[in-house]
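Now for the letters of each chain:
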Amino acid sequence: MDRISITGGAKLHGSIPISGAKNAALPLMTAALLTDDGVTLDNVPRLSDVTQLLRILSNHGVDHKIAGRLAGQTTETGQTIDLSARQIVDTTAPYELVSRMRASFWVIGPLLARMGLAKVSLPGGCAIGTRPVDLYLQALERLGASIEIEAGYVIAAAPKGLKGAEIFFPKVTVGATHTALMAAVLADGRSVIHNAAREPEVVDLAGLLNKMGARITGAGTATIEIQGVSRLHGARHSVLPDRIETGTYAMAVAMTGGDVVLENARYDLLKSAFDVLQRIGVTVEKQENGVRIARNGAGVSSADVTTQPFPGFPTDLQAQFMALMCKANGVSHIRETIFENRFMHVQELARLGARIKLDGDMAVIEGVKSLTGAQVMATDLRASVAMVIAGLAAEGETVVHRVYHLDRGFEALEKKLQRCGAQVERISD
Ligand code: UD1
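What counts and what doesn't
Residues numbered from 1 in each chain as written. Predicted model: local features only at pLDDT ≥ 70, side-chain atom pairs only at ≥ 80, totals over all residues. Heavy atoms only, no water. Near = heavy atom within 4 Å. Polar contact = N/O pair within 3.5 Å; in protein donor to acceptor, adjacent residues only side chain to side chain. Areas by Shrake-Rupley, 256 points an atom, 1.4 Å probe, with all protein chains shown as cover. Helix = DSSP H or I, 4+ residues; strand = E, 2+ residues; numbered from the N terminus. Pairing = 2+ DSSP bridges. Axes fitted to C-alpha atoms, helices over the stretch in contact; angles between N-to-C directions. Contact = heavy atoms within 4.5 Å. Buried < 20%, exposed > 50% of the residue type's maximum accessible area, 1.4 Å probe, protein only.

Participant: Report on the site of the ligand, specifying residues and quantitative values.
Facilitator: Inspection of the region around the ligand gives 21 residues, with Asp-134, Leu-135, Val-174, Asp-316 and Ile-338 positioned closest. Arg-102 has a polar side-chain atom sitting 3.0 Å from an oxygen atom of the ligand. At 2.5 Å from an oxygen atom of the ligand is found a main-chain nitrogen or oxygen belonging to Ile-338. Within the complex, the protein chains bury 90% of what would otherwise be the 750 Å² of accessible surface of the ligand. If you tally residues by element for the shell around the ligand, the top one is helix α5 (residues 134–142), at three residues.

Written out as structure tokens, the structure is:
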């Protein structure tokens, strides 16, 4: 199993290209199930989660073609994928495929909308809490589907098609909002999603669906309206830049010091986290085609942060921010309100000498003068990159094990850090 070795201490200088967002690419790819025409996606990141979703889509009969690299493009230029769901050959998403990635459950919406039937295994994915799917199922029931759970599978049926409806989410959920959107676009009549997720990835999905002929308004607000249509057609769409990757490298620079331009990053997608970084003494400068992050020798001050749905501070940056706070001047409080049990990185950070106490959904971090390299374990996608960030600022060598978590969501991580002067290398057995 691959490991990543980091020798801490180097400041980061240069530029890092930000990839297309994993969390947008996955629902956009799934949307290809909604039409028998072709859907072309540009700027798709090279990640194992993308490859896994291609496997799942193939199982339903979706053909795909990954375009060759054009002259002048590097591995850091996102890939173009053509998807064609001309014929759906199977409406079942089996356990062996779905259990490896939670987002693969999202095929349930488009399969049901187009075929009137979907049998999808209950999901697996990151070990960050129980992550139920009750709200997905309630939304599909509101749209007229019958739902049964049998031997670990959800069987959703609407043989006469779905009917537009009002959907009320009692809590904000990204995945159930994607699912409700993808189901409602082909329903008969008008649907309204109340308390919808406002995440930029929802806006990106609605953007593609509208290019395909859907009639969606209000994406990016808490109320989304969908006027159902009988058929969708093909379209071409470019995946929006990854705001979590952006925030992760911003925190790496804040941790080590230095000056780095995050190319293609969009400031407006991450205002909450940039505000916090500025407050603790980091320079964040919006540029024409990116965001510049700089931090001089003075270190960062402590801060209190609570994770919230967009536009609040993202839970997917909580672990990275905690790594940063481990060396801040003072005591920080981080409250996690989205997922219970998303503190597995705490004991790994402690192995580097961090001082963190847990109290329910709150972590209290007392900044220390220095961290010391150690062997640590990646426990989930975002937690694993937090260990890399901590390692960049620790004295000596840090080795992060179970790197397959990182490969799910961070494209060319070691290369991107190396080009800014970090001493990072992948060790393959
Ligand atoms: C997505 C992101 C993930 C991010 C999360 C929150 C992708 C592939 N994943 O995950 O990186 O951390 O949004 O920003 O885009 N919930 C229920 N019942 C449901 C569905 C959700 O109780 O039926 C709860 C969850 O347990 C959680 C909260 O709602 O406490 C938010 O989860 P949700 O927004 O659905 O997360 P995902 O879509 O799985």
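Participant: I'd like a rundown of the sheet that holds strand β25 (residues 397–401), residues and numbers included.
Facilitator: Reading across the sheet, the four strands line up as β23-β25-β1-β26 and stay open at both edges, with mixed pairing between neighbours. If you trace the sheet from one side to the other, it starts and ends with β23 (375–377) and β26 (423–427), each paired once. Strand-to-strand, the axes of this sheet are offset by a mean angle of 20°, without reference to chain direction. Pairing of β23 with β25 involves three bridges; the strand directions are parallel. Within the sheet, the bridge partner assigned to Met-377 lies in β25 and is His-401. Contacts between helix α12 (residues 381–392) and the sheet are confined to β1 (3–7), β23, β25 and β26, with β25 contributing the most and set at about 170° to the helix.

Participant: An account of the pairing of strand β17 (residues 290–295) is needed here, citing residue identities and associated values.
Facilitator: Taking burial as the measure, the six residues of β17 include five buried ones, the bulk of the element. Across six bridges, strand β15 (residues 258–263) lies against β17 in antiparallel orientation. Note that in β17 the partner of Leu-262 across the bridge is Val-291. As paired strands, strand β16 (residues 283–287) and β17 are joined by five bridges and run antiparallel to one another. Its bridge partner lying in β17, Thr-283 is registered against Ala-294. In sequence, β16 turns back onto β17 through a hairpin of two residues.

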